[in-house]
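# Structure at a glance
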Amino acid sequence: MREAKINRKAAGRVASGHPWIFAGDILDSGGAEAGDAVKVVDPSGRALGMAHFSSASQIALRLLSHRVEEINREFFAARLAAAESHRRRIVSGTDAYRGVHGEGDLLPALVVDRYADCLVLQTLNQGTDRARDWIVASLVELFSPRGIIARNDAPVRTKEALPLECAVVYGEVTDTVDVRMNGLLLCADLIRGQKTGIFLDQRENYVAAARYARGRALDCFTSTGGFALHLAPACESVEAVDSSTPALAVAARNAARNGVSNIEFREADVFALLAGYSSARRQFSTVILDPPAFAKSRRNLESAARGYKEINLRALRLLGPGGILVTCSCSHHLSEAALLELVAEASLDAGRQLRVLERRTQSQDHPILLTVPETHYLKCLILEVL
């Protein structure tokens, strides 16, 4: 077992409950190679636990356990079983959910999503990539799936010097899989779809938004229609906008399969569309903003903040008294406090007074660790114009 010695700063970080150790904080890697599971010790040689070592990433160590133990197939089988046991307690009304959420399930850099009888796997650092065979074998034993696909096309893998690829690693997987979510039948594209197929992290927010939706609704960045389909029964009409032709095609198919006829799908740039509607004094009763992550790193947080403020300002100009704004951010670099401040500034510029109805986050199957802020990435505010 190789041993990596870290400095006092990193040891303090581990003691504070965070599993990441940066390359500059390693005093001696002990000859560790890419993807090795190593024992981590502090400057005095005291053992802090086990971690995966990365030879390429700035996050050089990701803590797997606070005990010194073998990191083998049995280790992954036990952690995966614990993650699924947690899902059985918290997930209902769907056969599509996140089965493993990286650090949130004490399995750093590993994502497993379940879509009916298929699984989608992402091994996002050198350690989990090397352990893939153990992980796949454990998943087969736990779920008996029809097939498992590795959607390892996430750009974060380039920071680990890992190739971007998409491959079936067990059984057979068709391009699309039908899943049920909140009473709807949805098509999940496991090969080309956003993230690993559909947006599983908004599942609970879809239901919450539908409780307040009414009148004419505008769903911005609709993707495959998640918010639009849930809002439709409560609204006179829904206009669902996205710039992706393939995503809109899936959204329209989802609407047809569920007998939903009051959604108009529109291909457009959302920023330009909102500006045009504001100039034309268009009015809606409900507006949904679920944009992609504007702040992909701390370096562009300032420009991202301007984007979030501008898009909320334009949306608020379309809402009158009693109007509902559901606004989201999936940038973990942008805190909920920062989002609230930006939306408050936008409301003042738009001359709208807002009441907070709900402050929400990602679905429970994307667990948040209190001492690891990076696991809390999705913010969802439901607001009412007074």
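It should be emphasised that the depicted structure is a prediction, and the values quoted were computed from it without experimental measurement.

This part is about the sheet that holds strand β14 (residues 216–220). Pairing is mixed across the open sheet formed by seven strands, whose spatial order is β16-β15-β14-β17-β18-β20-β19. The strands lining the two open edges of the sheet, one partner per strand, are β16 (263–267) and β19 (354–361). Strand-to-strand twist in this sheet, taken as the mean axis angle between neighbours without regard to direction, amounts to 15°. Here β19 pairs with strand β20 (residues 379–385) via seven bridges, running antiparallel.

What follows concerns the nonpolar core. Tyr 115, Leu 190, Leu 231 and Val 326 are the most contacted members of the largest nonpolar core, which has 41 residues in total. Breaking this core down by element, the ones donating at least two residues are β9 (118–123), β12 (176–181), β13 (184–189), α5 (203–212), α6 (226–231), β15 (237–242), β18 (319–329) and β20. In terms of residues, this core owes the most to one element, α6, which gives four residues. With sequence-adjacent residues up to four places away left out, Leu 231 is seen in contact with Ala 209, Ala 210, Ala 213, Ala 217, Val 238, Thr 286 and Ile 288. If you look at the next biggest cluster of nonpolar residues, it comprises 31 residues, including Phe 284, Val 287, Val 343 and Val 385.

This part covers the side chain of Asn 205. The residue Asn 205 is located in helix α5 in this model. According to the relative accessible area criterion, Asn 205 is buried, its value standing at 1%. In contact with Asn 205, not counting residues within four places along its chain, are Phe 227, Arg 360, Thr 361, Leu 378 and Cys 380.

Taken as a whole and assessed by the stated rule, the structure comprises 32 salt bridges. Of the charged contacts in the structure, one is a salt bridge between Glu 3 and Lys 39, with a shortest N-O distance of 3.3 Å. Residue Glu 3 is found in strand β1 (residues 3–6), and its partner Lys 39 is found in strand β4 (residues 37–41); the two are separated by 36 residues along the sequence. The residue Glu 302 makes a salt bridge to Arg 306 at a minimum N-O spacing of 3.6 Å. Residue Glu 302 and its partner Arg 306 are located together in helix α9 (residues 301–316), separated by four residues, close to a single helical turn. The exposure class assigned to Arg 306 is exposed, which follows from its relative accessible area of 52%. Residues joined in a network through salt bridges with shared partners are Asp 129, Arg 132, Arg 157 and Glu 165.

Helix-helix packing is described using two parameters, namely the angle between the two axes and the distance between the axes. Between helix α8 (residues 270–279) and α9, the shortest axis-to-axis distance is 9 Å and the interhelical angle comes to 40°. Crossing handedness for the pair α8 and α9: left-handed. Where α8 abuts α9, its residues Val 270, Phe 271, Ala 272, Leu 274 and Ala 275 lie against Gly 307, Ile 311 and Arg 314.

This next bit is on the environment of Pro 145. With respect to the secondary-structure elements, Pro 145 resides in the loop between α4 (132–143) and β10 (147–152). For the pair Pro 145 and Tyr 115, spaced 30 residues apart in the sequence, the C-alpha separation amounts to 9.7 Å. Once residues within four sequence positions are removed from consideration, Pro 145 is found in contact with Asp 117, Leu 119, Leu 139, Val 140 and Tyr 170.

Before going further, it helps to spend a moment on helix α2 (residues 73–90). Given 3.6 residues to a turn, an α-helix orients residues that are three or four positions apart in the same direction. Relative to the 26 Å expected for 18 residues at 1.5 Å per residue, α2 spans 26 Å between its end C-alpha atoms, a close match to the ideal helical length. Every buried residue belonging to α2 is among Phe 75, Phe 76, Arg 79, Leu 80, Ala 83, Glu 84, Arg 87 and Ile 90, and all of these are buried. Angular distribution of buried residues about the axis of α2 spans 160°; they occupy a single face of the element. Summarising the geometry of α2, the exposed residues directed more than 90 degrees from the buried face are Glu 74, Arg 88 and Arg 89. The N-capping residue of α2, defined by a side-chain oxygen 3.2 Å from the backbone nitrogen of Glu 74, is Asn 72.

Further remarks concern the sheet that holds β1. Here we have six strands laid out as an open sheet, ordered β2-β6-β5-β4-β1-β3, and mixed in their pairing. Two strands in the sheet have a free side with no partner beyond their single neighbour: β2 (20–22) and β3 (26–28). Ignoring which end each strand starts from, the neighbouring axes of this sheet average 40° apart. As defined by bridge partners, β4 adjoins strand β5 (residues 47–53) across five bridges and the pair is classed as antiparallel. Counterpart to Val 38 in the pairing with β5 is Ala 51.

Criteria and cut-off values
Residues numbered from 1 in each chain as written. Predicted model: local features only at pLDDT ≥ 70, side-chain atom pairs only at ≥ 80, totals over all residues. Heavy atoms only, no water. Pairing = 2+ DSSP bridges. Helix = DSSP H or I, 4+ residues; strand = E, 2+ residues; numbered from the N terminus. Axes fitted to C-alpha atoms, helices over the stretch in contact; angles between N-to-C directions. Core = buried A, V, L, I, M, F, W, Y, C linked by side-chain atoms within 4.5 Å. Buried < 20%, exposed > 50% of the residue type's maximum accessible area, 1.4 Å probe, protein only. Contact = heavy atoms within 4.5 Å. Salt bridge = Lys/Arg side-chain N within 4 Å of Asp/Glu carboxyl O. Left-handed = near helix turned anticlockwise from the far one by under 90°. Expected span 1.5 Å × (residues − 1). Arc of directions from axis to C-beta. Polar contact = N/O pair within 3.5 Å; in protein donor to acceptor, adjacent residues only side chain to side chain.

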